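Commentary on secondary and tertiary structure
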Amino acid sequence: MAVDTSARTPTFTYVDGEWFAGNPPLIGPVSHAMWLGSTVFDGARWFDGIAPDLDLHCQRVNRSAANMGMKAVMPAEEIERLAWEGVAKFDGKTAIYIKPMYWAEHGQMGSVVAADPESTRFALCLFEAPMHTAKPSSLTVSPFRRPTPECAMTDAKTGSLYPNSGRMIIDARNRGFDNALVRDMNGNVVETASSNVFMVKDGVVYTPAANRTFLAGITRARVMGLLRQAGFEVREVTLSVEDFMNADEIFQTGNYSKVVPVTRLDDAQFQEGPVTRKALELYMDWARGKSSHE
């Protein structure tokens, strides 16, 4: 039986100068992206009439394309403009995921494995995706690790990194958890399988130092800055699993759900604490006050 390829929620995609509803067929079996994984993307959010840090997400997808050896063929400002054009196609009742994407259509002459930058294509896909902000989450320490820059394309937000995240989540869910706490090759905690991670101890906020093995996210940076402005001490340091086990609070940040409390890490139980609640409050106050579309 053929697989249903229709979009699962209302979706609009801009490609080659046109908007299409649903899930348009864009990549064929000989496309470099399908065959050899030359895809990059980014993800911004629209909700309640706002799209926090949309400009930064549009800029980052262009950096990812360049780091993957492709051409950023769409200016970041134009991606941002198109995103708002796309948002207007929805009814405004449900949060939207805004996903600019690049991929290569062909490989280079003489070595098809390397993407041909002249064949870079762009698409902008928007689809309805409800927010899960502040919904408690459970974590387990993953047996799988994040690669180093010498081993994988860690300096780009590329689809080729996500099968590793996928197996982390599958393993965690098979053991009764929502997500996984992930370490780098040296055994230090760096993030979860799908978000950045913070811990609180004695009122001090800690997050793993950016070491190029994980995506140090835009929402992560925004939350760090807002907490510091509010008077919290925020430290980027090397952290162990033991540090997290002994924490007073743990929370995740990411574009998809913004701030998410962690209430269980393996056998350790946690409460949704005051710093976690404050981080979400600060973020939402900032977003609603400064990120509305003019």
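These numbers were taken from a predicted model, which means no experiment stands behind them. (Residues numbered from 1 in each chain as written. Predicted model: local features only at pLDDT ≥ 70, side-chain atom pairs only at ≥ 80, totals over all residues. Heavy atoms only, no water.)

1. So, the packing of helix H2 (residues 54-67) against helix H3 (residues 76-87)
Taken N-terminus to C-terminus, the directions of H2 and H3 make an angle of 130°; their axes are 8 Å apart at the nearest point. In terms of axis orientation, H2 runs oblique to H3. For the pair H2 and H3, the sense of crossing is right-handed. Seen from H2, the contacting residues are Leu-54, Asp-55, Cys-58, Gln-59, Val-61 and Asn-62; seen from H3, they are Ala-76, Ile-79, Glu-80, Ala-83 and Trp-84. Taken together, the residues of the contact of H2 with H3 break down into seven nonpolar, two polar and two charged. (Axes fitted to C-alpha atoms, helices over the stretch in contact; angles between N-to-C directions. Helix = DSSP H or I, 4+ residues; strand = E, 2+ residues; numbered from the N terminus. Parallel < 35°, antiparallel > 145°, perpendicular 65-115°, else oblique. Left-handed = near helix turned anticlockwise from the far one by under 90°. Contact = heavy atoms within 4.5 Å. Nonpolar A, V, L, I, M, F, W, Y, C, P; charged D, E, K, R; others polar.)

2. Here's the deal with the nonpolar core
Ranked by size, the top nonpolar core spans 29 residues in total, and within it Ile-98, Tyr-102 and Leu-124 carry the most contacts. When residues of this core are traced back to their parent elements, those giving at least two are strand E4 (44-46), H2, H3, strand E5 (96-104) and strand E8 (120-128). Top element by residues in this core is H3. It accounts for six residues. In contact with Leu-124, not counting residues within four places along its chain, are Phe-12, Thr-13, Tyr-14, Trp-19, Ile-79, Leu-82, Ala-83, Ile-98, Lys-99 and Pro-100. Of all hydrophobic cores here, the second largest spans 21 residues; its members include Val-223, Leu-226, Val-275 and Ala-287. (Core = buried A, V, L, I, M, F, W, Y, C linked by side-chain atoms within 4.5 Å. Buried < 20%, exposed > 50% of the residue type's maximum accessible area, 1.4 Å probe, protein only.)

3. With respect to the pattern of salt bridges
With the rule as written, the count across this model stands at 15 salt bridges. What you see here is one network of salt bridges that share partners, running through Asp-16, Glu-105 and Arg-121. (Salt bridge = Lys/Arg side-chain N within 4 Å of Asp/Glu carboxyl O.)

4. Re the domain arrangement of the protein
In terms of domains, the protein is made up of domain 1 (11-128) and domain 2 (137-290). The centre of domain 1, based on its C-alpha atoms, is set 25 Å off from the matching centre of domain 2. Contact with domain 1, which involves 21 residues of that partner, is made by 21 residues of domain 2. Contact between domain 1 and domain 2 buries roughly 1,800 Å² in total, counting both sides, with carbon and sulfur atoms accounting for 59%. (Domains from an automatic or database assignment. Buried area = accessible area lost by both parts, 1.4 Å probe.)

5. Thoughts on the side chain of His-32
Position of His-32 among the secondary structure elements: in helix H1 (residues 32-36). Ignoring any residue separated from it by four or fewer positions in sequence, one finds His-32 in contact with Gly-37, Ser-38, Ala-104, Glu-105, His-106, Gly-107, Val-112, Val-113, Ala-114 and Ala-115.

6. With respect to unusual backbone geometry
Even without glycine at this site, Asp-48 takes up a positive phi of about 50°. As for its placement among the helices and strands, Asp-48 is situated in the loop between E4 and H2. At Asp-202, a position not held by glycine, the phi torsion is positive, near 55°. Positionally, Asp-202 belongs in the loop between strand E12 (196-201) and strand E13 (204-208). Judged by relative accessible area, Asp-202 falls into the exposed class, the value being 65%.

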